[in-house]
Amino acid sequence: MLIRCTQDMIDGKKPHLYHRWVSLDDMSHWLPQAVVASEDNLFLQHSGFDFQQIKKAIEENKTRKRPRGASTISQQTAKNVFLWPGHSFIRKGFEVYFTFLIEQLWGKQRIMEVYLNSIEMGKNIYGAEAVAKHHFNTTARKLTRSQCALIAASLPNPIRYNSAAPSSYMQRRKSKILFLMNQIGPVKF
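Attention in this report is confined to the structure presented alongside it. All values derive from a computational prediction rather than experimental measurement.

Parameters and conventions
Residues numbered from 1 in each chain as written. Predicted model: local features only at pLDDT ≥ 70, side-chain atom pairs only at ≥ 80, totals over all residues. Heavy atoms only, no water. Core = buried A, V, L, I, M, F, W, Y, C linked by side-chain atoms within 4.5 Å. Buried < 20%, exposed > 50% of the residue type's maximum accessible area, 1.4 Å probe, protein only. Helix = DSSP H or I, 4+ residues; strand = E, 2+ residues; numbered from the N terminus. Contact = heavy atoms within 4.5 Å. Salt bridge = Lys/Arg side-chain N within 4 Å of Asp/Glu carboxyl O. Polar contact = N/O pair within 3.5 Å; in protein donor to acceptor, adjacent residues only side chain to side chain.

## Quick word on the nonpolar core
Next, step 1: By size, the foremost hydrophobic cluster in this structure holds 39 residues, and its most contacted members are Leu31, Val35, Met112 and Leu116.
Next, step 2: Among the secondary structure elements, those contributing two or more residues to this core are helix H2 (30-39), helix H4 (73-82), helix H6 (108-118), helix H7 (128-136), helix H8 (145-154) and helix H9 (168-184).
Next, step 3: Here this core gets six residues from one element, more than from any other, and that element is H8.
Next, step 4: Ignoring anything within four residues of it in the chain, the contact list for Met112 reads Leu24, Pro32, Val35, Val36, Phe43, Ile73 and Phe189.

## A look at the side chain of Thr99
Next, step 1: Take Thr99: it is sitting in helix H5 (residues 89-105).
Next, step 2: Discounting chain neighbours no more than four positions away, the residues touching Thr99 are Gly48, Phe49, Ser74, Gln75 and Ala78.

## Examining the pattern of salt bridges
Next, step 1: Scanning the entire structure with this criterion turns up nine salt bridges.
Next, step 2: The closest approach of N and O atoms between Glu95 and Arg91, which form a salt bridge, is 2.6 Å. Separated by four residues within a single helix, Glu95 and Arg91 lie in helix H5, roughly one turn from each other.
Next, step 3: Taking relative accessible area as the criterion, Arg91 reaches 4% and is therefore assigned buried.
Next, step 4: Each of the salt bridges in this network shares a partner with another, and the network as a whole consists of Glu60, Arg64 and Arg68.

## A short note on the environment of Gly69
Next, step 1: Tracing the backbone through its elements, the reader meets Gly69 in the loop between helix H3 (51-60) and H4.
Next, step 2: Here Gly69 falls in the exposed class, since its relative accessible area comes to 54%.
Next, step 3: For the pair formed by Gly69 and Ile151, sequence separation is 82 residues and the distance between their alpha carbons is 19 Å.

## Notes on the side chain of Ser28
Next, step 1: Among the structural elements, Ser28 can be located in the loop between strand S1 (18-19) and H2.
Next, step 2: At 3.0 Å, the side chain of Ser28 and the backbone oxygen of Leu143 are in polar contact.
Next, step 3: Beyond its immediate stretch of four places on either side in the chain, Ser28 contacts Ala140, Arg141, Leu143 and Cys148.

What follows is the structure, encoded as structure tokens:
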């Protein structure tokens, strides 16, 4: 959030962001299910790192033009809350350290709550309550299953992919996420 505001000031714009913290209990139960289905389907089983996906990404990245990541929700939370964007080995080392700490100290429910309140979900829009208000004119608690899948579909790049005005690509991704939500079932902490 601080980085986005600083970027706005550097660009000569008035810094602004939309954010309002809400507890996990005040969010639609579909939202954790959608992000787990989309971002990290083993979230409840792993200890912060999905070593199968890391190994798979390393192999795939040998032949891909654009490398794919294998960060878990826990790793993304650690990065978003404690670190800076970037791809250096130093930052990744700190990410491993903080991921280990939050897995030990917070647990999955708190990690999910912090994740859903801190991630960017649109230009200068942070967290479930802000995206619910600005993209769907509702509250985080009242988000529908379909809206939650659209939000999850935007997460790889919420500046490029707008859940309020989904492209055909976003609609296809939403359909896939809805299918995956059926496969994984409810997310229970």
